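Each chain, written out:
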Amino acid sequence: MAQMPKRVKYRKSQRGKIARHATRGTTLEFGEYGLQSLGGGWMTANQIEAVRVAVTRHIKRKGKIWIRVFPHKPVSKKPAETRMGKGKGAPEFWVAVVKPGQILYEMEGVPESLAREAMRLGAFKLPFPCRFVSRGH
């Protein structure tokens, strides 16, 4: 099931800008290997889950995985073929705002070759380029 916050202060939010490189969340904190974003954008709750599924399937549920992003931002849409005006649409889905350089996923307890391949498969599910990072480098 797609994730979303339990409660939010405001039901609708503005789009905002994806400006500059990430200053926080750019280093591995939990695991040995990680997936780092090279581009910025929105990562939907469904994409976060798709990567998690792809990675866990490949490593056959061995090791441990940390998800370092959470979809806090509601994205609203108006119905198709609706005239202008009449207010902002209802929230449709939730996204995580990702900046370049941010660590998205971390992993430990598996060999590097397996982790590298799992993260590569996960990266295909995302709308921006990513790279594999490890604690050794």
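The residue numbers shown here count from 1 along each chain, following its written sequence. The predicted nature of this model means local features are confined to residues of pLDDT at least 70 and side-chain atom pairs, given and counted, to a pLDDT of 80 or more, with totals for whole chains, interfaces and linings taken over all residues. Excluding hydrogens and water, the side-chain values take into account all heavy atoms of the structure.

**As for the layout of surface pockets**
Using a grid of 1 Å spacing that covers the protein atoms alone, one calls a set of points a cavity when a 1.4 Å probe fits there but cannot get out, and a pocket when the set is open and has protein on both sides within 12 Å along at least five of seven lines; lining residues are those with an atom within 4 Å of a point. Grid points are joined across faces, edges and corners, and a volume is the space filled by probe spheres set on the points. Volume-wise, the largest pocket comes out at about 160 Å³. Together, His21, Ala22, Thr23, Arg24, Gly25, Val97, Lys99 and Gln102 line the largest pocket. For this classification, Asp, Glu, Lys and Arg are treated as charged, while Ala, Val, Leu, Ile, Met, Phe, Trp, Tyr, Cys and Pro are nonpolar and the rest, including Gly, are polar. Looking at the lining of the largest pocket residue by residue, the classes come out as two nonpolar, four polar and two charged.

**Side note on the sheet that holds strand E4 (residues 73–77)**
Strands sit in the order E2-E5-E4 across an open sheet of three strands; the sheet is antiparallel. Only two strands of the sheet have a single neighbouring strand rather than two, namely strand E2 (41–44) and E4. Here the strands of the sheet are splayed against their neighbours by 50° on average, with no regard to which way each runs. In the sheet, E4 pairs with strand E5 (residues 90–98) via five bridges, with the strands oriented antiparallel. The residue bridging Lys77 from the neighbouring strand is Ala90, located in E5. By definition, residues are in contact when any of their heavy atoms lie within 4.5 Å. In this analysis an axis means a line fitted to C-alpha atoms, helices contributing only their contacting stretch, and an angle means the value between N-to-C directions, from 0 to 180 degrees. Only DSSP runs of H or I reaching four residues or more are called helices, and only runs of E reaching two or more are called strands; each is numbered from the N terminus. Packed on one face of the sheet, helix H1 (residues 45–58) meets E2 and E5 and runs near 70° to E2. Should DSSP find at least two bridges between two strands, the strands are regarded as paired.

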